[in-house]
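Commentary on secondary and tertiary structure
Letter by letter, the chains look like this.
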Amino acid sequence: MTFYKILTLAIVIALNGILYPQSIIAQNDTLRFNNKIKADTTSRIEVIAKYDGSNVLLRWGVNNSEPWYDQSFKGYLIERYLIDTLLQLPLLASRDTVVIRSRSAAEFKRNILNCSKEELTVAQCLYGDLDDKIDPVMNFGSKRQDLINKYSLTMLMSDISQEAARSAGLFYKDTGIKAGESYLYRVSAINNPNVIHGVIILKTLKKNLPIPTISNISELEGKINIFWDREYHEEYFSAYFIESSTDNKSFKRLMEIPFVGGESREFSNDVFSHSIKVINYKPIFYRLIGVTPFGELSTSSKSIKAMGRDKTGPQVPEIIDITTNAQNGQYTIKWKKGLEKDISGYNIYKGYRSDGSFEKTNKKIIPPNTTILTQKAKNINEKMYLRLSVIDTAGNEVFSSPKLVAFRDTIAPSAPLNIKASIDSNGIVRLSWDKNKEDDMAGYFIYRANSNNHLYTNILQKPIRINNYIDTVTMKTLTEQVYYKVTAVDHNGHVSQFSESKMVKRPDKIPPMPPSITDYAVSDSSVYINWKPSRSKDVVDHQLFKSENGKAFTLVKKLKIDEIILEKNLKFGNRYTYKIIAIDDAGLISEDIAHISFIVIDKSKVVPAILTKCIIDEKNDLLLEWKPGNNKKTKYLIYIAKDESPFELLKKIDGSLKYSEKIITGGKYQFAIKAEDSKGRKSGFSNVMSIEL
């Protein structure tokens with residue numbers, strides 16, 4: 001966590017009612033908030049902000065319906081404070097305020113013809129029917145449910161329309177800011193102390209909106225489903241428009257109100273999904289536009305073409321009989337013809353296991369009127385399964401259950417031997433092994449796993465006849481090893497035992513996950529740092545670095561796991577920055593995000609002086625004398641107050657323990673002294689003494 005983020009968190013906590021650390025700087029130069037809201041209060045204001053390159057846009061809302069409705073008319077107080085660039089604290093003198101309320105019913109009526117549907121919906125929620133031109137939104141039922149529905153509908157309209165949010169009193173554009181500065185905003189509910197205010201800190205740096213991306217599309221019968229990643233898009237957008245085009249040039253929106261992504265029972269909640277009814281085999285281009293909570297529209301995504309397709313396959317075919325002739329090695333398969341009129345033909349598939357892979361035996365599709373076919377086996381001793389498929393004119397293919405042709409040979413091949421494997425920097429794996437000596441060999445299957453204890457998966461759809469293979473594995477993974485095994489299979493479908501496993505290690509191109517600093521505490525001249533190591537398994541070293549007053553980082557030491565860091569002999573007034581990095585066994589260095597920064601502050605106190613004499617001497621002059629505190633090289637500030645006036649600084653002197661001054665006018669005078677040390681730190685007031693002339 002960076003120093004800036006830590007201070008930001010401290011400020012936000014302070015602004016929400018937790019005691020803010022006191023210091024001379026905090027008392028004299030910055031704003032301190034004292035929120036008296038009770039800890040069990042549940043109503044609060046949530047705030048988001050964005051810098052658009054010229055202005056700061058603020059959006060907020062109360063987290064439940066009851067205070068929302070009242071506050072729409074009472075309004076919200078917006079406070080803005082400039083953040084000091086050095087101390088990273090809000091400055092009191094920079095305070096600026098504005099009050100925001102919802103539009104009145106009269107304003108809505110005057111502008112009703114220019115209002116969008118979203119604005120009219122907000123008007124309906126706040127005021128009910130304003131005019132015959134505003135249709136009722138819905139029958140809200142009970143009074144409480146009515147309020148909840150209006151609240152939810154107002155929040156939705158404010159999320160998809162900036163003007164609707166402005167009309168609801170939930171939006172503010174701050175034009176009086178400077179680029180590159182940081183500001184703190186506080187949004188408070190006027191005349192409602194039971195609502196916890198919202199606080200946000202924003203640095204005015206322009207950030208462009210990302211372009212949405214359609215991650216996948218499924219083509220079904222009479223409809224298509226469009227998918228896009230939830231986690232990536234939810235960070236920036238609250239709603240979406242989907243547009244379509246027949247020529248990939250002129251696009252039209254499919255909905256007037258943008259799509260708001262909820263959770264789907266049909267699809268994974270890792271993605272947003274939207275279904276569109278279409279005409280089969282009519283290609284359409286689709287693209288996605290994101291809508292931010294500030295009502296901004298993103299650049300449209302890259303378009304993707306899709307169409308509905310006939311997905312209703314024919315009736316499952318049925319193999320009636322299979323007969324064999326051992327003398328000529330032929331087998332004859334008979335099946336029942338289906339009743340569908342859109343049949344384009346049949347295929348026959350051969351496999352060596354009922355649950356294994358199958359390969360097509362016919363080179364051309366079998367005509368639709370055929371119900372019997374004779375083929376020749378390559379080896380009459382082979383165990384073989386057949387499957388019949390029927391294909392319609394849309395290309396939908398439906399398979400029968402496997403049917404056994406013959407059982408002869410029952411001995412499986414021996415397991416392959418002498419497995420060799422190598423991998424290059426691109427993830428290309430080259431495998432080889434000794435060729436099996438059995439005469440009825442059909443080929444080999446290759447299996448892969450990320451751990452020798454995991455389930456091995458067959459990576460081939462059918463056996464290969466050669467005793468070598470080239471595989472490609474992904475390099476973008478934290479799993480360093482990949483394991484291989486090989487089996488041999490004969491023509492009867494008998495599969496050998498697994499070969500010995502062979503491990504290859506991926507070239508490491510991914511830096512380790514960064515460590516994290518979980519807590520730290522600064523004393524007078526030392527700092528304690530608690531941290532968590534990287535979670536990457538291949539990390540071999542953690543290193544602590546230090547920078548003093550902005551100088552280059554230097555290595556402090558190599559860290560042991562679970563070590564609590566104690567750094568001593570820090571100098572008062574200096575800024576220190578510490579960071580921790582992880583290094584893996586390939587020499588790759590983690591991302592530099594685990595760092596803290598702070599200034600060492602001398603917290604020792606200046607002891608006030610003791611005023612011992614306050615008289616008018618024989619020369620009719622004022623004479624003050626005092627005893628020093630425990631501070632050396634002290635300056636003294638003499639304060640005077642006449643009659644009922646407050647104390648004012650009279651004189652600042654160096655080192656002396658007495659002061660003489662002529663007093664011209666009469667009256668009652670009070671005197672007090674403050675001590676100031678060589679660092680400019682001041683004590684409190686001394687005791688007060690007075691005279692009357």
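In what follows, the structure referred to is the one given above.
An account of the accompanying structure is given in this report. (Residues numbered from 1 in each chain as written. Predicted model: local features only at pLDDT ≥ 70, side-chain atom pairs only at ≥ 80, totals over all residues. Heavy atoms only, no water.)

1. Quick look at the packing of aromatic side chains
Short version of the rule: Only the six-membered ring of Trp is used, alongside the rings of Phe and Tyr, when aromatic pairs are assigned; centres must lie within 6.5 Å, and planes under 30 degrees apart are stacked while those over 60 apart are edge-to-face, with the rest tilted. Here a helix means four or more residues in a row that DSSP labels H or I, a strand means two or more in a row labelled E, and each is numbered from the N terminus. Accessible area is worked out with a 1.4 Å probe on protein chains only. A residue is then buried under 20% of its type maximum, exposed over 50%, and partly exposed in between. Criterion for a charge above a ring: Lys NZ or Arg CZ within 6 Å of the ring centre, and within 35 degrees of the ring normal.
Scanning the model with the defined rule gives 25 aromatic pairs in all. Ring centres of Trp 228 and Phe 272 lie 5.8 Å apart, and the angle between their planes is 45°; on these two criteria the pair is classed as tilted. Taken together, the residues span a long stretch of sequence, with Trp 228 in strand E9 (residues 223-229) and Phe 272 in strand E12 (residues 271-277) at a distance of 44 residues. On the accessibility criterion, Phe 272 (3% relative accessible area) is buried. On the numbers, 6.1 Å between centres and 65° between planes, the contact of Tyr 232 with Tyr 236 is edge-to-face. Judged by its relative accessible area of 35%, Tyr 232 is partly exposed. Joined through ring pairs, the aromatic side chains of Trp 228, Tyr 232, Tyr 236, Phe 237, Tyr 240, Phe 259 and Phe 272 make up one cluster. When the ring centre of Phe 241 is taken as reference, the NZ or CZ atom of Arg 253 above it lies at 3.9 Å. Across the ring face of Phe 685, the terminal group of Lys 674 is positioned such that the distance to the ring centre comes to 4.6 Å.

2. Considerations on helix H5 (residues 117-127)
Spelled out, the test is: Contacts are assigned to residue pairs that have any heavy atoms within 4.5 Å of one another.
Burial analysis of H5 places nine of its eleven residues in the buried class, the great majority of the element. Turning to H5, its buried residues number three or more, namely Glu 118, Glu 119, Leu 120, Thr 121, Val 122, Ala 123, Gln 124, Cys 125 and Leu 126. Residues of H5 that are buried in the fold lie against helix H3 (65-74), helix H4 (105-110), helix H6 (143-160) and helix H7 (162-167). Directly beyond the C-terminal end of H5, a positive phi value near 75° is found at Gly 128.

3. Points about the layout of surface pockets
Operational definition: A pocket, in this scheme, is an open set of points on a 1 Å grid over the protein atoms alone with protein on both sides within 12 Å along at least 5 of 7 lines, while a cavity is a set where a 1.4 Å probe fits but cannot get out; residues line either one if an atom lies within 4 Å of a point. Grid points are joined across faces, edges and corners, and a volume is the space filled by probe spheres set on the points. As a working rule, the residues Ala, Val, Leu, Ile, Met, Phe, Trp, Tyr, Cys and Pro are called nonpolar, Asp, Glu, Lys and Arg charged, and the rest polar, with Gly in that last group.
A volume near 620 Å³ is recorded for the second largest pocket. Ala 49, Lys 50, Glu 235, Tyr 236 and Phe 294 are the residues nearest the centre of the second largest pocket, which is lined by 21 residues in total. Examining the composition of the lining of the second largest pocket, we find that four residues originate from one element, strand E1 (residues 45-51), more than from any other. Its residues placed into classes, the lining of the second largest pocket shows eleven nonpolar, three polar and seven charged.

4. Here's the deal with a nonpolar patch on the surface
What counts is decided by this rule: Any residue with relative accessible area above 30% and no salt bridge may belong to a patch, with like charges joined within 9 Å and the nonpolar Val, Leu, Ile, Met, Phe, Trp and Tyr side chains within 5 Å. Residue exposure ignores everything except the shown protein chains as possible cover, and the areas themselves are Shrake-Rupley values with a 1.4 Å probe. Only one rule defines a salt bridge in this text: a Lys or Arg side-chain nitrogen within 4 Å of an Asp or Glu carboxyl oxygen.
Taken together, the side chains of Tyr 528, Ile 564 and Leu 566 present a nonpolar region at the surface, about 290 Å² in accessible area. Residue placement: Ile 564 occurs in the loop between strand E33 (554-559) and strand E34 (565-567). For Ile 564, a relative accessible area of 56% puts it in the exposed group.

5. A look at the pattern of salt bridges
Going through the model one piece at a time under the given rule, you end up with 30 salt bridges. With a shortest N-O distance of 3.8 Å, Asp 424 and Arg 430 are connected by a salt bridge. Classification of Asp 424 by relative accessible area gives partly exposed; the value is 26%. Its salt-bridge partner being Asp 585, residue Lys 505 comes within 3.6 Å of it at the nearest N-O pair. Within this pair, whereas Lys 505 is found in strand E29 (residues 502-505), its partner Asp 585 is found in the loop between strand E35 (575-584) and strand E36 (595-599), the two being separated by 80 residues in sequence. One salt-bridge network, held together by shared partners, links Glu 79, Arg 95 and Arg 186.

6. Quick look at the sheet that holds E9
Worth spelling out the cut-off: We treat two strands as partners when DSSP finds at least two bridges between them. Between N-to-C directions, angles span 0 to 180 degrees; the directions come from axes that are lines fitted to C-alpha atoms, helices contributing only their stretch in contact.
Strand order in the open sheet made by the three strands is E8-E9-E12, with antiparallel pairing throughout. A strand with exactly one partner marks an edge of an open sheet, and here the two such strands are strand E8 (216-220) and E12. Averaged over all neighbouring strand pairs, the angle between strand axes comes to 15°, with direction disregarded.

7. A short note on the nonpolar core
Test applied: Each nonpolar core is a collection of buried residues, namely Ala, Val, Leu, Ile, Met, Phe, Trp, Tyr and Cys, held together in the definition by side-chain atoms within 4.5 Å.
Counting 58 residues, the largest nonpolar core has Ile 45, Leu 58, Trp 60, Ile 78, Ile 226 and Tyr 286 as its most contacted members. With residues near it in sequence (within four places) discarded, Leu 58 still touches Val 47, Ile 48, Ala 49, Ile 78, Leu 170, Phe 171, Tyr 172, Tyr 185, Ile 200 and Phe 294. Residues Leu 431, Val 482, Ala 488 and Val 504 belong to the second largest nonpolar core, which totals 23 residues.

8. What about the packing of H5 against H6?
Keep this limit in mind: Orientation is classified from the angle alone, with under 35 degrees giving roughly parallel, over 145 giving roughly antiparallel, 65 to 115 giving roughly perpendicular, and any other angle giving oblique. Definitions for this section: a left-handed crossing has its near helix turned counterclockwise from the far helix by less than a right angle. A right-handed crossing has that turn clockwise.
Their axes nearest at 9 Å, the elements H5 and H6 cross at an angle of 155°. By the angle between their directions, the pair H5 and H6 is classed as roughly antiparallel. Every pair of crossing elements has a handedness; the one defined by H5 and H6 is left-handed. On H6, the residues touching Glu 118, Thr 121, Val 122, Gln 124 and Cys 125 of H5 are Lys 150, Leu 153, Thr 154, Met 157 and Ile 160. Taken together, the residues that form the contact of H5 with H6 break down as five nonpolar, three polar and two charged.

9. With respect to the environment of Leu 623
Relative to the assigned elements, Leu 623 resides in strand E38 (residues 621-627). The spacing of Leu 623 and Lys 613 is ten residues in sequence and 7.3 Å in space, taken between C-alpha atoms. Those residues in contact with Leu 623 that lie beyond four places of it in its chain are Lys 613, Cys 614, Ile 615, Tyr 659 and Ser 660.

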